[in-house]
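A look at the structure
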Number of protein chains: 2
Amino acid sequence: MSETSAPVSASQETATPYTPTGRTVPSRGRARASYDRELVHSILDEAYLCHLGFVRDGAPVVLPTLFARVGERLYVHGSTGSRPLHAAGAADPGLPVCLTVTHVDGLVLARSAFHHSINYRCVVVHGTAVTVTDPDERRIALDAIVDQVVPGRSRDSRPADTKELAATAVVRLDLDELSAKVRTGGPNDDPADLSLPYWAGVVPLTRGHAAPVPADDLDPAIPAPGYLGSL
Amino acid sequence: MSETSAPVSASQETATPYTPTGRTVPSRGRARASYDRELVHSILDEAYLCHLGFVRDGAPVVLPTLFARVGERLYVHGSTGSRPLHAAGAADPGLPVCLTVTHVDGLVLARSAFHHSINYRCVVVHGTAVTVTDPDERRIALDAIVDQVVPGRSRDSRPADTKELAATAVVRLDLDELSAKVRTGGPNDDPADLSLPYWAGVVPLTRGHAAPVPADDLDPAIPAPGYLGSL
């Protein structure tokens, strides 16, 4: 693999925060913004999908999309016939995108309707998506996209063959211009509202999974793999 | 309320599907696309937030945003100082947006890496967000946004006062040009892969909530309201 296509930069220190820019400093709620690298990574790594935004014919388009993080790079894949990936390949020097990942952690009920909110963690990444052509980087990205959903799974499935690789576009978005935004804690009612007779607090949301459902045509001798237990 | 600001169109029949357009017919996976009105409503109504996309300085921006559906209209609110809402008010005749809601229902593990997928339901709405100025429609929208998160809650909290209303922008997006996309079921492995020794199937994802956590300063005599039990 060439130096330029190495997906992980060894010189990147996780302790160094990302640098805010004009478009990653929010116009509202600045106290909730963060550029902490480990926080950003953890929010991204917990997600099954992102919402990918791009501009088509002057109008915004937002599509749920599988993705993966490999070091300081995000990868998105799809059919070579899909619109955003086709645009990323056709555009020079790439396609401006905004990639957003959000987790909803709780419902925040305040005494006042105005202060109702949700507890959440999100990362918003701005940048230019470029098509990955290096075969090694493409394979790393495709494995990572499988492992983003089920860690360890890429080693326990048939890798893409030549035909499948030819049908798959991979685009890369560097983690460079981005911010996290996090809300935690209880409601922020106005002091004058504290004596109102309404319940106030947080409803924590939970996320989990049920027992794996084998495919109808699965050989019953094949047990559910151990890595499903750590989801 | 004036006729034009009525948020629910009584003449709208839920049995009538939405009309596909050039940008709501997907370039890939057309078999998964749907324009069924009840399906679209159910996907929207189950969500705590949407991802709102708009264009700023020529580049896409995607932000997680609270919203609500009232009949055939979606409402988004926010500070009058927030970027998209300010843009919607400043722009004439409104701000082009794409509003997307996605639920992840399961992880689909195929024998081949290529056929890994997720089961999901999403709605993608295209249109122009316009600022709502009618006071009655604004109140209906704000109540609906609270009730979108916790049904019934708007009647059990202090309504917005004049100052709060002045600080809150409400924008509307009509449900007109949109599509749903749904994937269900097991993996779609190639016949040649069925005998491979890899587990295949679906990991269903679950979503729930933990016991409500009262605010630290809540009067202990106020019990958790019954509508929290139906979340």
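Here is what the cut-offs are and how they apply
Residues numbered from 1 in each chain as written. Chains lettered and ligands numbered in written order. Predicted model: local features only at pLDDT ≥ 70, side-chain atom pairs only at ≥ 80, totals over all residues. Heavy atoms only, no water. Contact = heavy atoms within 4.5 Å. Buried area = accessible area lost by both parts, 1.4 Å probe. Salt bridge = Lys/Arg side-chain N within 4 Å of Asp/Glu carboxyl O. Helix = DSSP H or I, 4+ residues; strand = E, 2+ residues; numbered from the N terminus. Nonpolar A, V, L, I, M, F, W, Y, C, P; charged D, E, K, R; others polar. Buried < 20%, exposed > 50% of the residue type's maximum accessible area, 1.4 Å probe, protein only. pLDDT = per-residue confidence, 0-100. Polar contact = N/O pair within 3.5 Å; in protein donor to acceptor, adjacent residues only side chain to side chain. Least-squares fit on C-alpha atoms with pLDDT ≥ 70 in both. Core = buried A, V, L, I, M, F, W, Y, C linked by side-chain atoms within 4.5 Å. 1 Å grid on protein atoms, 1.4 Å probe; cavity = no way out; pocket = protein on both sides within 12 Å on 5 of 7 lines; lining within 4 Å. Points joined across faces, edges and corners; volume = space filled by probe spheres on them.

Considerations on the interface of chain B and chain A
Each partner contributes residues to the interface: chain B has 86 residues there, and chain A has 86 residues. Across the interface of chain B and chain A, roughly 7,000 Å² is buried in total on both sides, 66% from carbon and sulfur atoms. A per-residue breakdown of the area chain B buries against chain A is headed by Pro60, Arg158 and Trp199 of chain B, which together make up 11% of the total. Counting the contacts that link chain B with chain A gives 6 salt bridges. With a closest N to O distance of 3.2 Å, Arg111 of chain B and Asp217 of chain A form a salt bridge. Elements represented by at least two residues in the side of chain B that touches chain A include exactly strand S2 (50–56), strand S3 (59–65), strand S6 (95–109), strand S7 (117–131), helix H3 (135–149), strand S10 (201–209) and strand S11 (213–214) of chain B. At 9 residues, the largest contribution of residues to the side of chain B that touches chain A is made by S10 of chain B. Broken down by class, the residue content of the side of chain B that touches chain A amounts to 54 nonpolar, 19 polar and 13 charged.

Side note on unusual backbone geometry
All names here are of chain A. In this structure, Asp57 takes a positive phi of about 55 degrees despite not being glycine. In this fold, Asp57 is placed in the loop between strand S2 (50–56) and strand S3 (59–65). For Asp57, a relative accessible area of 79% gives the class exposed.

Quick notes on the confidence of the model for chain A
Any region with low pLDDT has predicted coordinates that should not be read closely. In this model, chain A carries a mean pLDDT of 90, and residues with pLDDT of at least 70 account for 89%. Taken as a whole, residues 1–11 of chain A scores under 50 in pLDDT and shows 19 contacts with residues more than four places along the chain or in a different chain.

A few points about the environment of Thr65 of chain A
Residue and element names in this part refer to chain A. For Thr65, the position within the fold is in strand S3. Excluding residues within four positions of it along the chain, Thr65 makes contact with Leu49, Cys50, Leu52 and Val76. Within polar-contact distance, the side chain of Thr65 engages the backbone oxygen of Leu63 at 2.9 Å.

Regarding the relation of the copies chain B and chain A
Screw-axis analysis of chain B against chain A gives a translation of 0.0 Å along the axis, an RMSD of 0.0 Å, and a rotation angle of 180 degrees. Here the copies are linked by what is in effect a two-fold axis. Of every C-alpha in chain B, the one belonging to Arg207 of chain B sits nearest the axis of rotation, 2.3 Å from it. Looking at chain B, 100% of its interface residues are interface residues in chain A too, so the copies touch through the same face.

Re the side chain of Thr100 of chain B
Along the polypeptide, Thr100 of chain B turns up in strand S6. The class for Thr100 of chain B is buried, based on a relative accessible area of 0%. Within polar-contact distance, the side chain of Thr100 of chain B engages the backbone oxygen of Val62 of chain A at 2.7 Å. Apart from residues no more than four positions distant in its own chain, Thr100 of chain B is found in contact with His51, Val62 and Pro64 of chain A together with Cys50, His51, Val123 and Val124 of chain B.

So, the nonpolar core
Among the nonpolar cores identified, the biggest contains 66 residues, and Leu107 and Leu109 of chain A together with Leu107 and Leu109 of chain B are the most heavily contacted of them. Every residue in contact with Leu109 of chain B, bar those within four places of it in the chain, is listed here: Val150, Arg153, Tyr227 and Leu228 of chain A together with His116, Pro187, Trp199, Ala200, Gly201 and Val203 of chain B.

Some details on the environment of Val70 of chain B
Residue and element names in this part refer to chain B. Secondary-structure assignment places Val70 in strand S4 (residues 67–70). The buried category is assigned to Val70, whose relative accessible area is 11%. Through-space distance from the C-alpha of Val70 to that of Leu175 is 9.9 Å; in sequence the pair is 105 residues apart.

What to know about empty space enclosed by the protein
Following the criterion strictly, the structure yields 2 cavities of 30 Å³ or more and no others. In this model, the largest cavity occupies a volume close to 50 Å³. Forming the boundary of the largest cavity are Leu52, Leu74, Val76, Val97, Leu99, Ala129, Val171, Arg172 and Leu173 of chain A. Looking at the lining of the largest cavity, the elements with two or more residues in it are strand S5 (73–79), strand S6 (95–109) and strand S8 (168–174) of chain A. Here the lining of the largest cavity takes 3 residues from S8 of chain A, the largest share from any one element. Here the second largest cavity defines a volume of roughly 40 Å³. Lining of the second largest cavity is provided by Leu52, Leu74, Tyr75, Val76, Val97, Leu99, Ala129, Val171, Arg172 and Leu173 of chain B. Elements represented by at least two residues in the lining of the second largest cavity include exactly strand S5 (73–79), S6 and strand S8 (168–174) of chain B. Here the lining of the second largest cavity is built from residues that sort into 9 nonpolar, no polar and 1 charged.

Let's talk about the environment of His126 of chain A
Relative to the helices and strands, His126 of chain A is located in strand S7 (residues 117–131). Residues His126 of chain A and Glu177 of chain A lie 51 residues apart in sequence; the distance between their C-alpha atoms is 5.5 Å. Every residue in contact with His126 of chain A, bar those within four places of it in the chain, is listed here: Arg23, Thr24, Val97, Cys98, Leu173 and Glu177 of chain A together with Arg56, Pro60 and Val61 of chain B. From its side chain, His126 of chain A meets the backbone oxygen of Arg23 of chain A in a polar contact 3.4 Å long.

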